[in-house]
Amino acid sequence: MRVLRIALIILLIGPGLGLLFFGPRDTAELPRDRVIVDYWEKWTGNEETQMRSIVNAFNDTVGKEKGIFVRYLSTSSVNQKTLIATAAGVPPDIAGIWDPNVPQFAAMDALEPLDGLAEAHGITAGTYKPVHWKACHYDGKLYALISTPYDVALHYNKSLFAAKSTELRAAGLDPDRPPNTIAELDAYAKVLDTLNPDGSIQVAGYLPLEPGWYATYTPFWFGGSWWDDENKRFTFTDPKVVRSFEWIQSYYRRLGQSAMSEFRSGTGNFDSPQNPFMAETLAMEQQGTFLANYIHNTKPSMDGRWAAAAFPSDDPALTDVTYCTADVLVIPRGAKHVNEAFEFIAYVNRQDVMERLCSMHCKTSPLANVSAKFMNEHANPYIAVFERLAASPNAHGTPPVPILPQVGEELGNFFQRLSSLEITPAEELPLMQARLQKKYDEFIKRQNNRKKPADEMPGQSLEN
Amino acid sequence: MRTQSKELKDFLKGMGFLSPWVIGFVLFTAIPIGLSLYYSFCDYSLLQPPAYIGWANYRELFHDPIFWKTVRNTFLYAIVALPAGMFIALGVAILLNVKMRGQTIYRTIVFLPSLVPAVASAMLWLWLFNAKLGLINLALRKIGISEPPLWLADATWAMPALILMSFWGVGNTVIIYLAGLQDVPKELYEAADLDGAGAFQKVWHVTLPSISPVIFFNLVMGIIGTLQVFGTPYIMTGGGPARSTYFYTMYLYDNAFTYLRMGYASAMAWVQLLVVIALTALAAWTSKHWVHYQGK
């Protein structure tokens, strides 16, 4: 009995001691004489490796000189985890989130304002392209700086255009150039469509919801926007917004909801060879600067057979319209090493470092000044198009709405019902506008109730 | 005196062994449950201290169309998937209880899907339900249905698809039924044989009453499980198309972790708990009419 008892105790304690002495260890050797800055970032794979090289370069140079060591931690759902860690009082020193998160985080007091630090490091409005500088602000304060940005353009398959050159010419269209207006895009798409005898789609000219990542921002190409930032009102009933969503639905009416859904369910992940643009079953696609990298890595045989151009607008006078978005670096509220964290952010925003990172990620630079080396050596052969678009006065960022997750959910539901022809934009958008405006007003009211009167939220002061 | 001291020693020893669970339960279950009740009466974003707002969250819930949509979806799923799943599981268990060659192999085959991780099953079924390339539509086309459903891409068919998929995991329930079936006294079947009962009558008058406690257990577990469905639709449909598979727990999760409305999410959690308790109590109350325990 005694032996059994001892054996049991050893069995219970043994593994614990074993883990303690021989268990997993932190692999990174952290220098004891430096301030450790924890940096949570969303990236994994190649993008992580590339950002790590920037972190290592900082640690070996500026970090060494200033006694700072940045510790990179790849974190999934980084935005949610950052918020929860901030609420718990143990945030990272730097978090790599997305610029659409900035209004929500800033409105909820989850971020440190960076105006003073940025100014002290010489980072001002003139440093950035206007669209990106604006995206880093909420309610007039700077809350983020960019790590890598991109903008969207029309990508088209030159081989598919050439294969239908006779038909395109017969329709009065030039197969050697992309469409310049929405009307032209529709005309090109019709000619480029190849349907099977049963009506199913073999090759689609263009599909507004493939991949549909930027469908929410379609009004920009129609000269409209669903958010009036000056008056803090949703403007979904603006005729230009309505028209833009009617245009999306017109594709479902023309090709048939069933054929569209079936075609889309046969496509694979964005980064797989089943991506319809890379599978060459989709002739034109609205996508970001980074697509060049994926084409080159996933389907190198397509290199040189595609091109990028400004996505066409409804009004021919409206040129170089684009939607810009970015990965941003923020310092969560309550971070322990704010100044040291900003040293790293400022390092990333140095022109040479920024251009190196953006080149590796195959993205544009957010900076106003771009070197010839960046333009000449970039992996995207159409980088000049993307840089021109990002610098254009018609470049738009994400509307600074603090309830963007709710807007996204509503719009996701709207697009699904739109594509099933269950609703029309004209009947649904007024209802959606009313619902979202109510949610926004309630959010502002709650935030104002949570804050002192002097810190009231922008736009309005609602009675309790 | 010595006995008392030994009893105390044994008690302390017992408490010592129990303490890891007690501490864990208090810290990670009891306190959070209590706090969530308090938060359900607060406006709480996590980032600012909770502010007491009385019944406002509960009042808002009842005027929230998405809340009602998720309630409808969840009940629809539960009303169809739970009885159908229990019926299928019982039928399969009765078949697997018949003595035949390869019985253990069949039992293993039925149980195996329950061992597949939820995410892996979801990915597998995503492909099976694929409108263009899926095996299900391939089979439907082979038997002459030229325009089979779009399944997860169609708001009408997404819910039936998830219900169909839920039957894939009946293996666990089957095993519990099998254990119950093996406890049915053989004498009852012999007596039924002597009375001239047919196969259906034996199932109706002998098997079902004998395993009624097991059916009751599966019913209660099923009510709790189906009203909390989350993982599979979260992975497979994200609640779409057009919120047709947006379940209660998914909306609760979105409120808590996407919109950071912890107070509102806590109110939802308490409504859910009360509904589960009410339905379980209803099942327990009706059980006295249809659940038969041996020896009673």
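Residues numbered from 1 in each chain as written. Chains lettered and ligands numbered in written order. Predicted model: local features only at pLDDT ≥ 70, side-chain atom pairs only at ≥ 80, totals over all residues.

If you tally the helices and strands in chain A, you get 19 helices and 14 strands. Whereas a compact globule of 464 residues would reach a radius of gyration of roughly 23 Å, chain A reaches 25 Å, a difference of no more than 12%. Taking the principal axes of its C-alpha atoms as reference, chain A extends roughly 90 × 60 × 55 Å. Out of the 464 residues in chain A, the part that is buried amounts to 46%. The long-range share in chain A, meaning contacts at least 24 apart out of those at least 6 apart in sequence, stands at 72%. (Helix = DSSP H or I, 4+ residues; strand = E, 2+ residues; numbered from the N terminus. Rg over C-alpha atoms; globule rule 2.2 N^0.38 Å. Buried ≥ 20, exposed ≤ 12 C-beta atoms within 10 Å, placed from the backbone. Contact = placed C-beta atoms within 7 Å.)

Across its full length, chain B holds 14 helices and two strands. For chain B, whose C-alpha radius of gyration is 24 Å, the value lies well above the compact-globule estimate of 19 Å for 296 residues. Dimensions of chain B, computed from C-alpha atoms along their principal axes, come out at roughly 80 × 70 × 35 Å. For chain B, buried positions account for 29% of its 296 residues. A fraction of 68% describes how many contacts in chain B between residues 6 or more apart in sequence connect residues 24 or more apart.

Turning our eyes to something else, we now look at the packing of helix α11 (residues 212–226) of chain B against helix α14 (residues 262–290) of chain B. Any two packed helices are characterised by how steeply their axes cross, that is the angle between the axes, and by the distance between the axes. All names here are of chain B. Axis separation between α11 and α14 bottoms out at 10 Å; the angle between their running directions is 165°. In terms of orientation, α11 lies roughly antiparallel with respect to α14. Judged by the sense of rotation from one axis to the other, the crossing of α11 with α14 is right-handed. Between α11 and α14, the contacting residues are Ser212, Phe216, Leu219, Val220, Ile223 and Ile224 on the first element and Val276, Leu279, Thr280, Ala283, Ser287 and Trp290 on the second. Looking at side-chain class alone, the contact of α11 with α14 contains nine nonpolar, three polar and no charged residues. (Axes fitted to C-alpha atoms, helices over the stretch in contact; angles between N-to-C directions. Parallel < 35°, antiparallel > 145°, perpendicular 65-115°, else oblique. Left-handed = near helix turned anticlockwise from the far one by under 90°. Nonpolar A, V, L, I, M, F, W, Y, C, P; charged D, E, K, R; others polar.)

With 24 residues of chain A at the interface, the matching set in chain B holds 22 residues. Of all elements in the fold, only α4 (78–88), α12 (257–265), α18 (404–419) and α19 (425–450) of chain A reach the threshold of two or more residues within the side of chain A that touches chain B. For the side of chain A that touches chain B, the element with the highest residue contribution is α18 of chain A, accounting for six residues. The residue makeup of the side of chain A that touches chain B, split by class, is six nonpolar, twelve polar and six charged.

Following Glu210 of chain A, the chain continues to Pro211 of chain A via a peptide bond in cis, the omega torsion being 0°. With respect to the helices, strands and loops of the structure, Pro211 of chain A is situated in the loop between β8 (201–206) and β9 (227–228). Of note, the bond from Gly240 of chain B into Pro241 of chain B is cis; its omega dihedral lies within 30 degrees of zero at -10°. Mapped onto the elements of the fold, Pro241 of chain B is located in the loop between α12 (231–236) and α13 (248–258). The phi dihedral of Ala242 of chain B falls on the positive side, at around 50°, and the residue is not glycine. Mapped onto the elements, Ala242 of chain B comes out in the loop between α12 and α13. With 23 C-beta atoms packed within 10 Å, Ala242 of chain B lands in the buried category. Its identity is not glycine, yet Arg243 of chain B carries a phi of approximately 60°, on the positive side. Within the fold, Arg243 of chain B resides in the loop between α12 and α13.

A few words on α18 of chain A. Residue and element names in this part refer to chain A. Between the first and last C-alpha of α18 there are 22 Å, a value that for 16 residues agrees with the 22 Å anticipated at 1.5 Å per step. Here α18 has its buried residues at Gln406, Val407, Glu409, Glu410, Asn413, Phe414, Phe415, Gln416, Leu418 and Ser419. In this fold, the buried residues of α18 make contact with α11 (239–255), α12 and α19. Phi turns positive one or two residues past the end of α18, at Leu421, with a value near 60°. (Expected span 1.5 Å × (residues − 1).)

Residue and element names in this part refer to chain A. If you look at the biggest cluster of nonpolar residues, it comprises 148 residues, and the most contacted ones within it are Cys136, Tyr143, Leu145, Val328, Val330 and Phe344. With seven residues, the top contributor of residues to this core is helix α14 (residues 338–348). With residues up to four places along the chain from it excluded, the contact list for Val328 reads Ile97, Trp98, Asp99, Val102, Cys136, Ala144, Leu145, Ile146 and Ser147. (Core = buried A, V, L, I, M, F, W, Y, C linked by C-beta atoms within 7 Å.)

This part takes up the confidence of the model for chain B. Residues and elements named next belong to chain B. Per-chain confidence: chain B averages 92 in pLDDT, with 99% of residues scoring 70 or above. The lowest-confidence element of chain B is helix α4 (residues 103–115), averaging 90 in pLDDT; the highest-confidence one is helix α2 (residues 56–61), averaging 96. With pTM at 0.87, the complex prediction returns an ipTM value of 0.84. (pLDDT = per-residue confidence, 0-100.)

For the rest of this paragraph, the subject is the environment of Val214 of chain B. Residue and element names in this part refer to chain B. Mapping Val214 onto the fold places it in helix α11. C-beta crowding within 10 Å serves as the criterion here: with 20 such atoms nearby, Val214 is assigned to the buried category. Spatially, the C-alpha atom of Val214 lies 33 Å from that of Ile23, the residues being 191 residues apart in sequence. Non-local contacts of Val214, meaning those with residues more than four positions away in its chain, are made with Ile176, Tyr177 and Gly180.

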